[in-house]
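This is what each chain is made of:
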Amino acid sequence: MYIFIYKEKNYEWQFNGISKSSHYEAYSFGDPESADYIADLVKNGIKTATSSALELYEENERIPQVGDYNVILDSQNLPICVTQTKVVEIVPFNQIMVEHAYHEGEGNRSYEYWHNAHVKFFNAEFKSANKVFTDSSPIVCEVFELIK
């Protein structure tokens, strides 16, 4: 194990406990207006899952893998917390389970809220990539655990 150091904008954040060979990504959730809200959900253990559209990954972009670490950033690109990916499944959008929607932790945590918010989000993301989102679009469903 070693001390993990994350540096951004002259800001350094470190913690002990992951191996040097571990993969990590640093990112914020959603758009700048929602990044702080969603990062707080993760930090407080409410949000323990996320989803992303497989079709929107770049050709050589790595999709999440079990064991990956994630540095969750706020809207200022400052680290808020660290998670570790525990489960990754690729599922058609219309087959995502109620439990996954609940663990995404947003809104009232209902499937209906999650579905409506994600249809809106994915439609906008696909449109900006000149693609079309459908109910059968493959979605990367990720479950993670708060580490720090």
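Before reading further, recall that the structure is shown in the block above.
Before going into details, it helps to say that this report is about the structure given with it. Everything numeric here is computed off the predicted structure, so don't read it as measured data. (Residues numbered from 1 in each chain as written. Predicted model: local features only at pLDDT ≥ 70, side-chain atom pairs only at ≥ 80, totals over all residues. Heavy atoms only, no water.)

Moving on, we come to unusual backbone geometry. Positive phi, close to 65°, is recorded for Asn77, a residue that is not glycine. Mapping Asn77 onto the fold places it in the loop between strand S5 (69-73) and strand S6 (79-92). For Asn130, which is not a glycine, the phi torsion comes out positive at approximately 60°. Take Asn130: it is sitting in the loop between helix H3 (111-128) and strand S7 (138-146). (Helix = DSSP H or I, 4+ residues; strand = E, 2+ residues; numbered from the N terminus.)

Our focus in this paragraph is H3. For H3, which comprises 18 residues, the first-to-last C-alpha distance of 25 Å matches the rise-based estimate of 26 Å (1.5 Å per residue) to within 8%. Residues of H3 that are buried: Trp114, His118, Phe122 and Phe126. Looking down the long axis of H3, one finds its buried residues gathered within 75° of arc, a one-sided arrangement. Turned more than 90 degrees away from the buried face of H3, the exposed residues are Glu112, Lys120, Lys127 and Ser128. Looking at the buried residues of H3, the elements they touch are strand S4 (49-53), helix H2 (98-103) and S7. Immediately beyond the C-terminal end of H3, within one or two residues, lies Asn130, with a positive phi of roughly 60°. (Expected span 1.5 Å × (residues − 1). Buried < 20%, exposed > 50% of the residue type's maximum accessible area, 1.4 Å probe, protein only. Arc of directions from axis to C-beta. Contact = heavy atoms within 4.5 Å.)

Bringing helix H1 (residues 32-43) into the picture now. With 12 residues, H1 should reach 16 Å at 1.5 Å per residue; the first-to-last C-alpha distance of 17 Å fits that figure. Among all positions in H1, only Ser34, Ala35, Ile38, Ala39, Leu41 and Val42 are buried. Down the axis of H1, the sector holding all buried residues measures 155°, keeping them to one side. Those residues of H1 that are buried lie in contact with S5, S6 and S7. Of the residues one or two after H1, Gly45 is the one with positive phi, at around 75°.

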